[in-house]
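# Analysis of the macromolecular model
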Amino acid sequence: MKTPNRAIAYFSRSGNTRSSAGMLAEMLSIAAVYPITEVRERRGIRGFIMNGFDAMRSKAVDIKTTFPETAGDIDQLILMTPVWAGHVTPAINGFLEKTDLSGTRVILITVQSDPEFKGIKKAVSQVEKRIIKQNGVLRQSAAMHGSAPGKKADRDHLAAEIARICPLLELE
Ligand SMILES: Cc1cc2nc3c(=O)[nH]c(=O)nc-3n(C[C@H](O)[C@H](O)[C@H](O)COP(=O)(O)O)c2cc1C
């Protein structure tokens with residue numbers, strides 16, 4: 001069987017998702033890793049509140065990425081995002097609005113501070129709707145524990161989380 005062409009795309013505010021994406025890429029030998037960044041970043045307390053508010057209403061913001069607008073020959077996309085206010089980030093919504101996912105199977109990995117991942121199913125189902133709208137398929141989702149808002153977890157903690165979820169991923 002042909003080895004699927006894989007890529008990772010991620011958004012990260014405080015570095016936990018970025019580090020995790022790097023570790024996963026290394027573990028799975030994925031060379032194509034695409035950061036997604038916001039055109040307009042908001043920082044500070046006001047930024048925190050507005051980011052949470054926008055996430056809660058599933059807003060999509062303008063993003064920058066070198067990921068192709070048409071996923072084309074990428075069979076499998078591992079999409080990684082922090083959880084904000086019980087939802088995925090506005091940057092990931094922005095990415096999903098502008099990316100044609102025809103023929104691409106997506107594995108969503110969420111990173112959050114709540115070790116019990118409460119309410120994550122609702123966030124995943126919202127992402128799934130966006131993926132379907134872009135002609136893609138949500139194959140699977142997996143939740144990871146990151147850090148408290150604004151903090152960076154130890155590398156060992158993130159490595160342990162990646163090692164925990166990695167065998168669960170449906171990568172064939
Ligand atoms: C605006 C904002 C809202 C957040 N809301 C949640 C939440 O609802 N549930 C949760 O478990 N973690 C929440 N967090 C924590 C992040 O998901 C967590 O810190 C994650 O590790 C951040 O990933 P990053 O370092 O890649 O940005 C929130 C963080 C921010 C900045």
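Presented here is a report on the structure given in the accompanying data block. Only a predicted model underlies this, so the values are computations on that prediction, with no experimental measurement involved. (Residues numbered from 1 in each chain as written. Predicted model: local features only at pLDDT ≥ 70, side-chain atom pairs only at ≥ 80, totals over all residues.)

So, about the overall build of the chain. When its secondary structure is counted, the chain shows five helices and seven strands. Taken from N to C terminus, the helices and strands of the chain fall in the order β-α-β-α-β-β-β-α-β-α-β-α. Expected size for 172 residues packed as a compact globule is a radius of gyration near 16 Å; at 15 Å, the chain falls within 12% of this value. With respect to the three principal axes, the spread of C-alpha positions in the chain is 50 × 35 × 25 Å. Counting all 172 residues of the chain, 38% fall into the buried class. Intrachain contacts of the chain at a sequence separation of at least 6 include 82% that bridge at least 24 residues. (Helix = DSSP H or I, 4+ residues; strand = E, 2+ residues; numbered from the N terminus. Rg over C-alpha atoms; globule rule 2.2 N^0.38 Å. Buried ≥ 20, exposed ≤ 12 C-beta atoms within 10 Å, placed from the backbone. Contact = placed C-beta atoms within 7 Å.)

This next bit is on unusual backbone geometry. Excluding glycine, residues mostly carry a negative phi; peptide bonds, for their part, are mostly trans. In this model, Ser29 sits at a positive phi of 55°, which is unusual for a non-glycine residue. As for its position among the elements, Ser29 is in the loop between helix H1 (16-28) and strand E2 (33-38). Ser29 sits in the exposed class, given 7 other C-beta atoms within 10 Å. Here the phi dihedral of Asn135 falls at roughly 70°; this positive angle occurs in a residue that is not glycine. By the secondary structure assignment, Asn135 is in the loop between helix H4 (120-133) and strand E7 (137-145). Assessed through the 13 C-beta atoms surrounding it within 10 Å, Asn135 is described here as partly exposed.

Attention now moves to the pairing of strand E1 (residues 6-11). Of all six residues making up E1, five are buried, and the element is well covered by its neighbours. Across five bridges, E1 lies against strand E4 (residues 76-84) in parallel orientation. Within E4, the residue paired with Ile8 across the bridge is Ile78. By the bridge criterion, four bridges tie E1 to E2 in an arrangement that is parallel. Looking across to E2, one finds that Ile8 is bridged to Val33. (Pairing = 2+ DSSP bridges.)

We now examine the environment of Ile45. Take Ile45: it is sitting in helix H2 (residues 44-56). Accessibility expressed as a C-beta count within 10 Å gives 7 for Ile45, which makes it exposed. Each C-alpha atom of the pair Ile45 and Gln140 lies 33 Å from the other, and the pair is 95 residues apart in sequence.

With 14 residues, H4 should cover 20 Å at 1.5 Å per step; its first-to-last C-alpha distance of 20 Å lies within 8% of that length. Among the residues making up H4, those that are buried are Ile120, Ala123, Val127, Arg130 and Ile131. Taken around the axis of H4, the buried residues stretch over an arc of 100°, which confines them to a single face. Opposite the buried face of H4, at more than 90 degrees from it, the exposed residues are Lys121, Lys122, Ser125, Lys129, Ile132 and Lys133. Looking at the buried side of H4, the elements it contacts are E4, strand E5 (87-88), helix H3 (90-98), strand E6 (105-112) and E7. (Expected span 1.5 Å × (residues − 1). Arc of directions from axis to C-beta.)

So, on to the nonpolar core. Core analysis: the largest hydrophobic core is formed by 41 residues, its most contacted members being Ile8, Ala9, Leu77, Ile78, Leu79, Met80 and Ile109. Where this core is concerned, the elements lending two or more residues are E1, H1, E4, H3, E6, H4, E7 and helix H5 (155-165). With six residues, the single largest contributor to this core is E4. With sequence-adjacent residues up to four places away left out, Ile78 is seen in contact with Arg6, Ile8, Leu24, Ile107 and Ile109. (Core = buried A, V, L, I, M, F, W, Y, C linked by C-beta atoms within 7 Å.)

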